[in-house]
Amino acid sequence: MNEPIARLRRLRSVELRTHAAAESTDFYSQVWGLRVVEQGREGAWLRGTGDQHHALQLTQAERNGLGRVSFAVSTPAEVDEAARRVAARGIPVVFGPGPLDDVGGGYGLRIVDPEGRVLELVADTLAVPALGREDAVPVGVTHVVLNTVDIDAAVRFYCDVLGMRVSDWSEHQMAFLRCNSDHHSIAFNQAQWTSVNHVAYEMPTVDHFMRGIGRLRHHGQLPLWGPGKHGPGDNTFSYFADPAGLVCEYTSGIAQVDEDRWLCRVWRRVPELSDLWGTAGPPSRQVREHMAGIPDPGAFERYDLEQAS
């Protein structure tokens, strides 16, 4: 059996392609709580209070989609080794290994998963100081949920190739995958088409979480679903829609996994387990439609690649 191509340390950032980049930049910086690092005609880069150069990249596009998901690895040597292992497996590469032409710097490799998502492995990104956590604003991105047409194939790729581990299942509808002690950095949702479901941002405490929701309400932004607390992951949740209709989540208190003791479980998909507090109720048709998004061919459309059969 092949070894994973690298040891992922953490989810670093997410790029979203959006038909409303300017309006979304205003939303994420003026309402959501991120700070603009750099902004241009084609989009913007925004950070949280954590030590990552940016958590979110917004890129202007004709329609919504996932640009890429970026993971941190330790050293450029690990990136080079990942490239060798990728070549041996025949996985498509769209960049690298090499220095990234990106505002956050770094040395990286960009590959394509079987459904066209671009995944970036990067080391040596630019250092930034962590900011104070007094305000009710996000630390950074903590997980991404992705819609998939084949949940078993998606889980197999991310575990076998990227070395992620399954923390829990929600019946055979969702799978929660980790790359460090956080219960999940990526989750997959079985769906009719490939798309981004939502991006979640970490709030330091439940108090920050609730005050952040209050700030959004002050700006006339009501939750699509929440606040509540999930069973799988044990984390709080409150979901909103950005100006392009993409779903963003405030969350806090994600479960921490002890690798030697954790046992994967299969959770039943019932309201009392999807929301342990019982405050949010089941997700509405509206939130499900937002989370479904639109079909996203990803790299198979943007690059000269053949889609895996």
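The rules behind each value
Residues numbered from 1 in each chain as written. Predicted model: local features only at pLDDT ≥ 70, side-chain atom pairs only at ≥ 80, totals over all residues. Heavy atoms only, no water. Helix = DSSP H or I, 4+ residues; strand = E, 2+ residues; numbered from the N terminus. Phe/Tyr/Trp six-rings, centres within 6.5 Å; stacked < 30°, edge-to-face > 60°. Buried < 20%, exposed > 50% of the residue type's maximum accessible area, 1.4 Å probe, protein only. Patch = residues over 30% accessible without salt bridge, like charges linked within 9 Å, V, L, I, M, F, W, Y side chains within 5 Å. Areas by Shrake-Rupley, 256 points an atom, 1.4 Å probe, with all protein chains shown as cover. Salt bridge = Lys/Arg side-chain N within 4 Å of Asp/Glu carboxyl O. Pairing = 2+ DSSP bridges. Axes fitted to C-alpha atoms, helices over the stretch in contact; angles between N-to-C directions. Contact = heavy atoms within 4.5 Å. Core = buried A, V, L, I, M, F, W, Y, C linked by side-chain atoms within 4.5 Å.

(A) Spatial organisation of unusual backbone geometry. Cis geometry is found at the peptide bond from G96 to P97, where omega equals 10°. Tracing the backbone through its elements, the reader meets P97 in strand β6 (residues 93-99). Cis geometry is adopted by the peptide bond preceding P227, which originates at G226 and carries an omega value of 5°. Within the element layout of this structure, P227 appears in strand β14 (residues 225-229). The backbone of D234 shows a phi angle near 60°, a positive value even though the residue is not glycine. Inspection of the secondary structure assignment puts D234 in the loop between β14 and β15 (236-241).

(B) Fine view of the packing of aromatic side chains. Applying the stated criterion across every chain, the model contains 13 aromatic pairs. Considering the side-chain rings of F27 and Y28, the 5.1 Å spacing of their centres and the 80° angle between planes classify their relative orientation as edge-to-face. A single burial state applies to F27 and to Y28, both of which are buried. Note on Y28 and W32: the rings are 6.3 Å apart at their centroids and 80° apart in plane angle, and the pair reads as edge-to-face. Note that Y28 and W32 are positioned in helix α1 (residues 21-32) at a spacing of four residues, about one turn of the helix.

(C) The arrangement of a nonpolar patch on the surface in detail. Residues V206, M210, L276 and W277 make up a contiguous nonpolar surface patch of roughly 350 Å² in combined accessible area. The residue M210 is located in helix α4 (residues 206-218) in this model. Under the relative-accessibility criterion, M210 is labelled partly exposed at 39%.

(D) Up close: the sheet that holds β14. Sheet architecture is open: nine strands sit in the order β14-β15-β16-β13-β9-β12-β11-β10-β17, paired in mixed fashion. Only two strands of the sheet have a single neighbouring strand rather than two, namely β14 and β17 (265-267). Shown here is a sheet whose adjacent strand axes are inclined to one another by a mean of 20°, direction ignored. As paired elements, strand β9 (residues 140-148) and strand β12 (residues 186-190) share five bridges and run parallel to each other. Residue T148 lies in a different strand from β12, and its bridge partner there is Q190. Across the sheet, α1 lies against β13 (195-202), β15 and β16 (247-251), angled at about 20° from β16, the strand it touches most.

(E) Local environment of the nonpolar core. One finds L16, Y28 and W32 to be the most contacted residues of the largest nonpolar core, which totals 60 residues. Top element by residues in this core is helix α3 (residues 151-160). It accounts for five residues. Residues in contact with W32, not counting those within four places in the same chain, are F27, P138, Y201, R215, L216, F240, C248, E249 and Y250. Grouped together as the second largest cluster of nonpolar side chains are eight residues, F237, A241, V247 and M291 included.

So far we have only geometry, and geometry alone does not tell us how the molecule works.
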